[in-house]
Amino acid sequence: MFQWFHRLAASKNFYRLAEILGPLFGVLGAILLTLGVYRGLFVAPTDYEQGESYRIIYVHVPSAWMSMFVYMVMAFCSALFLIWKMKLADIIAEVSAPMGAAFTFLALATGSLWGKPMWGTWWEWDARLTSELILLFLYIGYMALRASIDNRGSAARAAAILALVGVVNIPIIHYSVEWWNTLHQPASITKFDTPSIHISMLVPLLMMALGFTFFYFTNMLSRARSVILEREANNNWVKDRFRENRL
Amino acid sequence: MGGAFWALLKRDMLLAFRRRADWLNPLVFFVIVVTLFPLGIGPDPGLLRDIAPGVLWVAALLATLLALDGLFRSDFDDGSLEQLLLSPQPLSVLVLAKVLAHWLVTGLPLLLLSPLLAVVMQLQVVAIPVLLVSLLVGTLTLSLVGAIGAALTVGLQRGGVLLALLVLPLFIPVLIFGSSSVIAAASGFAVDAQLYLLGALFLLALVLAPPAIAAALRISTE
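In this text the structure is predicted, and so the values were computed from the model without any measurement. (Residues numbered from 1 in each chain as written. Chains lettered and ligands numbered in written order. Predicted model: local features only at pLDDT ≥ 70, side-chain atom pairs only at ≥ 80, totals over all residues. Heavy atoms only, no water.)

**Observations concerning the overall build of chain B**
Logical step 1: On a plain count of helices and strands, chain B comes out with 9 helices and 0 strands.
Logical step 2: Moving toward the C terminus, one meets the helices and strands of chain B in the order α-α-α-α-α-α-α-α-α.
Logical step 3: Its C-alpha atoms give chain B a radius of gyration of 18 Å, near enough to 17 Å, the size a compact globule of 222 residues would have.
Logical step 4: Overall, chain B is about 55 × 35 × 30 Å in size when its C-alpha atoms are taken along their principal axes.
Logical step 5: Across the 222 residues of chain B, 53% fall into the buried class.
Logical step 6: A separation threshold of at least 6 residues defines the contact pool for chain B, and within that pool the share at least 24 residues apart is 81%.
Logical step 7: Total accessible area on chain B stands at roughly 9600 Å², and carbon and sulfur atoms take up 71% of it. (Helix = DSSP H or I, 4+ residues; strand = E, 2+ residues; numbered from the N terminus. Rg over C-alpha atoms; globule rule 2.2 N^0.38 Å. Buried < 20%, exposed > 50% of the residue type's maximum accessible area, 1.4 Å probe, protein only. Contact = heavy atoms within 4.5 Å. Areas by Shrake-Rupley, 256 points an atom, 1.4 Å probe, with all protein chains shown as cover.)

Structural data, given as structure tokens:
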């Protein structure tokens, strides 16, 4: 099992795997996103309380999920990298950070757009929006730290430690913000919470969530491939592929 | 191990007292930031009383942050940090001594000055003991968490702004519980919950931060 893992982690083998899986995930993601958008925007019924504007959840909720999922991927890869010195794990963490930040920003922007008709304001100090904002700060700090250390090895390990410190703090921040929120204002209308979302609304939501996940993996794999090529530019397998024009 | 802890603590305290700017500057910064609020908002006592807990806590947090930048800097520059890393004593214990010494010279004066500023900000007198307790536990936690960031950025030329970016989001829980304990005390409510949570955060940081600081220092000095 471990040997298999190590062979996979070799850049050359991972590159080959990413070449196959990337486009596959891309096609699956495109199908799911198309179906999800169609069913979410045209087929799903109008909400009787929120009207049409509830439909923004088909972008908002998957982005919010992904913003946290990507941080978990980053933290997991950082642990792998610190413990077993797997370079591949570092590459995945590195290329995931900007994507995670983008998902977080998207969740914030769509949350704010939804807030205007619902709460009557662009920004409400709602517990979840505030946590998302802090998560965005954590992503930015991670990328800034990585960018400001010149030595690649040190940058990778410093960033990995920061990601692990962040992952310990995320639940603490989340619950303290929630506590702060309930203390300072009556619980806001968080209709995303409604447990009894109708099945015709839920199915497109799950499709979008899965589509977002596939999109993340496709994009992450293709970014990882270019980082591998950059780092291994002097290795023979890269030169061979370059000569045969199959990068 | 205990001997090394005390020796390092004594050394750092001595060094700090010889360089007065190290502990005076954050203190003066704390005073000036608090002074800016009445000037920016207006001298209305009621308004000042309402915002006093938050202002005092945010100012204390920023002063701690300002002081953190120098935590490992001089030791890094003159090479004594590397000697520290080479010593046979566990590095986690040594960094704990450094953080404690740093807190004693920068955090403790902040704490002692805060009642004065609380009076200036019209905070109710009953809330002042709670302010002191929350700042005592809170700034210790901030020093421990912030030291991770200081260790990560010590090798960088302009680490100051980056340090703020790294550690300020991690300071948020301490700020929330700290300032809300003072708000609760000022309005006559029980403050046990907030103080217990601050204590829990402090214990968590006390256990988890030293190994992270040690690991970060090893990366920064290679």
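**Focus: helix H1 (residues 2-18) of chain B**
Residue and element names in this part refer to chain B.
Logical step 1: In this model H1 runs 25 Å from its N-terminal to its C-terminal C-alpha over 17 residues, within 8% of the 24 Å that 1.5 Å per residue would give.
Logical step 2: Every buried residue of H1 is listed here: Ala4, Phe5, Leu8, Leu9, Asp12, Met13 and Ala16. The arc that holds every buried residue of H1, seen down its axis, measures 160°, which confines them to one face. Those residues of H1 that are exposed and angled more than 90 degrees off the buried face are Gly3, Trp6, Lys10 and Arg18. (Expected span 1.5 Å × (residues − 1). Arc of directions from axis to C-beta.)

**Regarding the nonpolar core**
Residues and elements named next belong to chain B.
Logical step 1: Ranked by internal contacts, the top residues of the largest apolar core, which has 148 residues, are Phe72, Leu123, Ile213 and Leu217.
Logical step 2: Contacts of Phe72, omitting those with residues within four sequence positions, involve Leu81, Lys98, Ala147, Ala150, Ala151, Val154, Ile213 and Leu217.
Logical step 3: By size, the runner-up hydrophobic cluster in this structure holds 6 residues, among which are Leu9, Met13, Ala16 and Ala101. (Core = buried A, V, L, I, M, F, W, Y, C linked by side-chain atoms within 4.5 Å.)

**Concerning the pattern of salt bridges**
All names here are of chain A.
Logical step 1: Enumeration over the complete set of coordinates arrives at 11 salt bridges over all chains.
Logical step 2: The residue Arg241 makes a salt bridge to Glu19 at a minimum N-O spacing of 2.9 Å. With Arg241 in helix H8 (residues 236-243) and Glu19 in helix H2 (residues 11-43), this pair connects stretches of sequence that are 222 residues apart.
Logical step 3: Look at Arg241 and you get buried, because its relative accessible area is 7%. (Salt bridge = Lys/Arg side-chain N within 4 Å of Asp/Glu carboxyl O.)

**Points about the packing of aromatic side chains**
All names here are of chain A.
Logical step 1: Under the counting rule described, the total for this entry stands at 16 aromatic pairs over all chains.
Logical step 2: Three or more aromatic residues joined by ring pairs make a cluster, and in this case those are Phe25, Phe69, Phe214, Tyr216 and Phe217.
Logical step 3: Taking NZ or CZ as reference, Arg225 lies 5.0 Å from the ring centre of Tyr15, over its face. (Phe/Tyr/Trp six-rings, centres within 6.5 Å; stacked < 30°, edge-to-face > 60°. Lys NZ or Arg CZ within 6 Å of the ring centre and 35° of its normal.)

**Some details on H2(A)**
Logical step 1: Between its first and last C-alpha, H2(A) extends 44 Å over 33 residues, near the 48 Å set by a 1.5 Å rise per residue.
Logical step 2: Regarding H2(A), the residues found buried are Ser11(A), Phe14(A), Tyr15(A), Ala18(A), Gly22(A), Phe25(A), Gly29(A), Leu32(A), Gly36(A) and Gly40(A).

**As for the side chain of Ser96(A)**
Residue and element names in this part refer to chain A.
Logical step 1: Along the polypeptide, Ser96 turns up in helix H4 (residues 87-119).
Logical step 2: For Ser96, a relative accessible area of 0% translates into the label buried.
Logical step 3: Contact partners of Ser96, with chain neighbours within four places excluded, come to Val70, Val73, Met74, Tyr216 and Met220.

**Observations concerning the side chain of Ser176(A)**
Residue and element names in this part refer to chain A.
Logical step 1: Tracing the backbone through its elements, the reader meets Ser176 in helix H6 (residues 152-184).
Logical step 2: With a relative accessible area of 1%, Ser176 lands in the buried category.
Logical step 3: One polar contact links the side chain of Ser176 to the main-chain carbonyl oxygen of Ile173, over a distance of 2.9 Å. (Polar contact = N/O pair within 3.5 Å; in protein donor to acceptor, adjacent residues only side chain to side chain.)

**Here we look at unusual backbone geometry**
Logical step 1: We note that Lys85(A) has phi near 55°; this positive angle belongs to a residue other than glycine.
Logical step 2: Assignment of secondary structure puts Lys85(A) in the loop between helix H3 (57-84) and H4.
Logical step 3: For Lys85(A), a relative accessible area of 61% corresponds to the exposed category.
Logical step 4: Positive phi is not limited to glycine here, since Gln122(B) has a value of about 65°.
Logical step 5: Turning to its location among the elements, Gln122(B) is positioned in the loop between helix H6 (91-120) and helix H7 (128-153).

**Quick look at empty space enclosed by the protein**
Any empty space left between atoms is shown by rolling a water-sized probe over those atoms.
Logical step 1: One pass over the structure, following the stated rule, counts 1 cavity of 30 Å³ or more.
Logical step 2: Every residue along the wall of the largest cavity is listed here: Tyr71(A), Leu138(A), Gly141(A), Tyr142(A), Leu162(A), Gly166(A), Leu165(B), Leu166(B) and Leu170(B).
Logical step 3: Among the secondary structure elements, those contributing two or more residues to the lining of the largest cavity are helix H5 (127-148) and H6 of chain A together with helix H8 (159-186) of chain B.
Logical step 4: When the residues that make up the lining of the largest cavity are grouped by side-chain class, the tally is 7 nonpolar, 2 polar and no charged. (1 Å grid on protein atoms, 1.4 Å probe; cavity = no way out; pocket = protein on both sides within 12 Å on 5 of 7 lines; lining within 4 Å. Points joined across faces, edges and corners; volume = space filled by probe spheres on them. Nonpolar A, V, L, I, M, F, W, Y, C, P; charged D, E, K, R; others polar.)

**Structural notes on the interface of chain A and chain B**
Logical step 1: Facing the 25 residues of chain A at the interface are 24 residues of chain B.
Logical step 2: For the pair chain A and chain B, the two sides together bury roughly 2100 Å², of which 85% comes from carbon and sulfur.
Logical step 3: For the pair chain A and chain B, the number of links is 0 salt bridges.
Logical step 4: Connecting chain A to chain B are 0 residue pairs in polar contact (both at pLDDT 80 or more).
Logical step 5: Elements with a minimum of two residues in the side of chain A that touches chain B: H5 and H6 of chain A.
Logical step 6: Looking at the side of chain A that touches chain B, the element that brings in the most residues is H6(A), giving 16 residues.
Logical step 7: A breakdown of the residues in the side of chain A that touches chain B according to their chemical character gives 18 nonpolar, 6 polar and 1 charged. (Buried area = accessible area lost by both parts, 1.4 Å probe.)

Read these as geometric descriptors, not functional statements.
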